[in-house]
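As a plain string of letters, each chain reads:
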Amino acid sequence: MRTYRKLLARSTAVGAVALAAVSLQPGPAQAAPDPAGSVHTQVVGGTKADQGEFPFMVRLSMGCGGALYAKDIVLTAAHCVDGSGPNTSITATAGVADLEDSHAVKVKSTQVLQAPGYQGKGKDWALIKLAKPVDQPTLKIAQDDKLNSGDFTIAGWGADKEGGDQQRYLLKATVPFVDDATCQKAYGDQLTPGDEICAGKMDTGGVDTCQGDSGGPMFRKDDAGQWLQVGIVSWGDGCARPGKPGVYSEVSTFAADIKKAADGLGG
Ligand code: ARG
């Protein structure tokens, strides 16, 4: 399943259409495929973000999203990377909503740290150390579960519908929190409730992250009105289907581990 997800993330970047059918369904979700599920997606039901609206957003060259945890460290999903160690193969594009904007800042990776113990279920986070700092604001991560509810913002350059193309312009949308019990009804044992937080419109669907959004942040305002990251795009059964919320790594669960890992990267 882990391999499968990696393939999905990459394939989306390269040929969303050809690979779309496969990429939609991460691991266990495929056990009970829905016919519509054989297609794929990205930020579905969203609108274009303004330049500078989410300055911490990063596009990664393997076809994933990410957020600046530090000026030279990107927080993304474990399933977007191959493992841990020196790695100069990833390019991060930052500072732009339009990936073709001439002001885009492109920086190479130097190291990757995949969540210790990641085996394709839960623990879907990773850090990418950049060759030099990016001059953009970082995104704070949730340290506890106090704000793991309400409405969340999602953003990414992934597909705008199942089987859709990757996007040139950053898309954004708002999705409501879905509690663990409800999410478990949708996904059963595929869900790892302590590691994952769900969001989406259960009754109507229509708004969700999708293929190519993986690794990007799900965030909301904190009590001081500052953006706070509560999730990392991880998986879902198709995209934006009614009754099938998006599943995100629960950042507060991993906050201490992420900090420790970042410290180890000199972050
Ligand atoms: N695994 C996908 C990726 O690699 C993300 C899928 C998110 N799906 C969802 N329905 N929210 O891009």
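Residues numbered from 1 in each chain as written. Predicted model: local features only at pLDDT ≥ 70, side-chain atom pairs only at ≥ 80, totals over all residues. Heavy atoms only, no water.

Going by the annotation in an unreviewed UniProt entry, the name recorded for the chain is Trypsin, with Streptomyces kronopolitis given as the source organism.

Draft legend 1. Molecular detail of helix α2 (residues 180–187). The complete set of buried residues in α2 reads C183, A186 and Y187. The buried residues of α2 occupy an angular sector of 80° when the element is viewed end-on, so they sit on one face. Where α2 starts, the residue carrying a side-chain oxygen 3.1 Å from the main-chain nitrogen of A181 turns out to be D179. Residue G188 follows α2 closely and has a positive phi angle near 55°. (Buried < 20%, exposed > 50% of the residue type's maximum accessible area, 1.4 Å probe, protein only. Helix = DSSP H or I, 4+ residues; strand = E, 2+ residues; numbered from the N terminus. Arc of directions from axis to C-beta. Polar contact = N/O pair within 3.5 Å; in protein donor to acceptor, adjacent residues only side chain to side chain.)

Draft legend 2. Region of the structure containing the site of the ligand. Every one of the 16 residues lining the ligand counts as a neighbour, but D208, T209, G212, S214 and G238 are closest to it. Within the contact set of the ligand, a nitrogen atom lies 2.7 Å away from a side-chain nitrogen or oxygen of D208. Contact with the protein chains covers 100% of the free accessible surface of the ligand, which is 350 Å². By residue class, the composition of the shell around the ligand is 5 nonpolar, 9 polar and 2 charged. (Near = heavy atom within 4 Å. Areas by Shrake-Rupley, 256 points an atom, 1.4 Å probe, with all protein chains shown as cover. Nonpolar A, V, L, I, M, F, W, Y, C, P; charged D, E, K, R; others polar.)

Draft legend 3. Up close: the packing of aromatic side chains. Applying the stated criterion across every chain, the model contains 8 aromatic pairs. Ring centres 5.2 Å apart and planes at 70° place the aromatic pair F54 and F219 in the edge-to-face group. Of this pair, F54 sits in the loop between β1 (47–48) and β2 (57–60) while F219 sits in strand β13 (residues 217–221), placing them 165 residues apart in sequence. One aromatic cluster is present, formed by F54, F56, F219 and W227 through successive ring pairs. (Phe/Tyr/Trp six-rings, centres within 6.5 Å; stacked < 30°, edge-to-face > 60°.)

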